[in-house]
Each structure stands twice: as structure tokens, then as C-alpha cells.
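Analysis of the macromolecular model
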Amino acid sequence: MTAVWKTTAALTTETAPFAIRAERASDVVVREALLDASFGEGRHARTCQRLRDGRAPAEGLAFSAVHEGRVVGTVRLWHVSAGGIPALVLGPLAVDASCRKLGVGAALMTHALAAAKARGHGAVILRGDAGYYARFGFSAEKTGELALPGPFERDRLLAVELRDGALNDAFGMIVATGMKARRARIRTGGKARKLLIQAA
Ligand SMILES: CC(C)(COP(=O)(O)OP(=O)(O)OC[C@H]1O[C@@H](n2cnc3c(N)ncnc32)[C@H](O)[C@@H]1OP(=O)(O)O)[C@@H](O)C(=O)NCCC(=O)NCCS
């Protein structure tokens, strides 16, 4: 049976309704500002960025959280090879500071993982705090023999299997395997910047 995945799911908090939907090209400027605010200007130097440089996210696996027409959250997944095993890397995940602790991050994670599973992906890897990601099934149990292309803390390299055993025997370097992204020049805050246009 073909799995059907809704691209928009309403979240129900009485005072603040949010929706999770597929990321749009028009989200790019707000998304960049959200990531700058969440991770700082140095975010492009982070190790996981090496897995995203010049690549497009995995098809159908980039999502925005929207509140009253404004993008307030983002998550993307990327194709990688985990020591030869096809997998996805998740990130960055960020929620606007004004909307945190309302379940938006959890909704983005739940939506993204379900969509990845529906598309037949076997495993998702990320670098992050187990204190947050354990609630979605992530642990370091299957990542002990994996490495990132740069500095990382072993206890922050986490994974969840969407298919049992998908990361059994995963050993070696995690490398990017996603499609090359298209670039476009846009204007933000008076400055022209080259930004990646999402192909998915
Ligand atoms: C992490 C983040 C995406 C969570 O978004 P959110 O919408 O607030 O998440 P949720 O509402 O689903 O969950 C909030 C809960 O997670 C907890 N939490 C948030 N970040 C955490 C962390 N790093 N470690 C442990 N718990 C964390 C909050 O304290 C809160 O706990 P509570 O429910 O007991 O109050 C958001 O805080 C953010 O954008 N942070 C800056 C960017 C970032 O650190 N991204 C993750 C990279 S590892």
C-alpha cells in the first residue's frame, strides 16, 4: 500500500495555532535569519554543515513551522552514506525564540521522521543533545563506530532507526551523498547574498 503523508498538519494549542508544512522557496530569507539568531554567525563552520555544503535537502524532507503566516521553525534532512549505509542526517532544527516550549520543535521532529519513514528511509542521524532528542528515539547506541568529517563529541552523535537493523554494522565516515543545490543571489538587509535554493 502506498503511504500517504499530509504536507500540512495542524497543531492544537488554544492560544497559538501552528502548522507544519513543506518548506517553500519563499521561506529562505526568514529561515536564514532564524538560523542566524538560533546558532550565531559561526553556524556555517559547524561540522554537520560539511554534510550540507552545496547540497539540496532530501526530496520532500524540508519543513517549516508557520504561525500566523510567519515561518517560526525549520528542519531539514539530507542524504548521507554512513560508512556505506544509506541514511539521512537531520538538521538544522530551530524554532524562533518567541515560540519555544510550545511543542513546535517536537511537531517538526515528529513530522519529519514520519515523512522520512513514509519515503522508505531506514535511519536518521544527527549531532545534538540526547537530553532533547532521546524523546524521539535517538541514542548513541548505533553511532559508536561512525565519524563526522570534523570535530564532534561522541555522546552527541545520535541516530534512530526507522527500519529495524538499518544501522547494524554501520562503520566509518558519514559523507554527503545528496543532489547538488542550485544557487540564487537574493537581497537581505540591503546585502546581496548567495543562498541555496532547495530543489526538493
Ligand atoms: C531545540 C529547539 C529546536 C526546541 O524547540 P521547542 O519548540 O522549544 O521544543 P519543544 O517545545 O518540542 O520542547 C521543549 C522542551 O525541550 C527542552 N529542550 C530544549 N532544548 C533542549 C536541549 N538542548 N536539551 C534538553 N532539553 C531541551 C526544553 O527545555 C523544553 O522542556 P519542557 O517541555 O520540559 O519545558 C529550540 O530550543 C531551538 O531552536 N534552540 C536553538 C537551536 C538549537 O539548539 N537547535 C537544536 C540543535 S541540537
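As a reminder, the structure under discussion sits directly above these lines.
Below you will find a few notes about this structure. Within each chain, residues carry numbers counting from 1 in the order of the written sequence. In view of the model being predicted, local features appear only for residues whose pLDDT reaches at least 70, and side-chain atom pairs are presented and counted only at 80 or more, with totals across whole chains, interfaces and linings using the full set of residues.

1. A short note on helix H1 (residues 28–39)
Note the threshold: What counts as a helix is a DSSP run of H or I of at least four residues, what counts as a strand is a run of E of at least two, and both are numbered from the N terminus. One less than the residue count of a helix, multiplied by 1.5 Å, gives the span that helix is expected to have.
Helix length check: H1, at twelve residues, gives a terminal C-alpha distance of 16 Å against a target of 16 Å (1.5 Å per residue), a fit within 8%. One or two steps after H1, the chain reaches Gly40, where phi turns positive at roughly 85°.

2. Details of the site of the ligand
Put simply, the rule is: Residues are classed as near a molecule or strand if the C-beta position derived from their backbone is within 6 Å of it. Residues are grouped as follows: Ala, Val, Leu, Ile, Met, Phe, Trp, Tyr, Cys and Pro are nonpolar; Asp, Glu, Lys and Arg are charged; every other residue, Gly included, is polar.
Inspection of the region around the ligand gives 15 residues, with Arg100, Gly105, Ala106, Gly128 and Gly131 positioned closest. Those elements that place two or more of their residues in the shell around the ligand are strand E6 (94–95), helix H2 (104–118) and helix H3 (130–133). Per-element accounting of the shell around the ligand gives the leading share, three residues, to H2. Looking at the shell around the ligand, its residues break down into seven nonpolar, five polar and three charged.

3. Notes on the environment of Arg154
Mapped onto the elements of the fold, Arg154 is located in the loop between strand E8 (146–147) and strand E9 (157–161). Once the C-alpha coordinates of Arg154 and Arg127 are considered, the two residues, 27 residues apart in sequence, prove to be 9.1 Å apart.

4. What about H2?
Side chains that are three or four residues apart share a direction in an α-helix, a result of its 3.6 residues per turn. For clarity, the threshold we go by: Working definition of burial: number of other C-beta atoms within 10 Å of the residue's own, with buried at 20 or more, exposed at 12 or fewer, and partly exposed in between, all C-beta atoms being placed from the backbone.
End to end, H2 covers 21 Å across 15 residues, agreeing with the expected 21 Å (1.5 Å per residue, within 8%). When H2 is considered as a whole, its buried residues turn out to be Val104, Ala107, Leu108, Met109, His111, Ala112, Leu113, Ala115 and Ala116.

5. A look at the nonpolar core
To keep it simple, the criterion reads: Each nonpolar core reported here comprises buried Ala, Val, Leu, Ile, Met, Phe, Trp, Tyr and Cys residues connected via C-beta atoms within 7 Å. Contact between two residues is assigned when their C-beta atoms, built from the backbone, lie within 7 Å.
Judged by nonpolar contacts, the single largest core of 47 residues is most densely connected at Leu77, Leu88, Val89, Ala112, Val124 and Ile125. Among the elements that take part in this core, H2 stands out by supplying eight residues, more than any other. The residues contacting Ala112, other than those within four sequence positions of it, are Leu61, Phe63, Val75, Leu77 and Leu90.

So, to be careful, I would describe these as geometric facts and stop short of saying anything about function.
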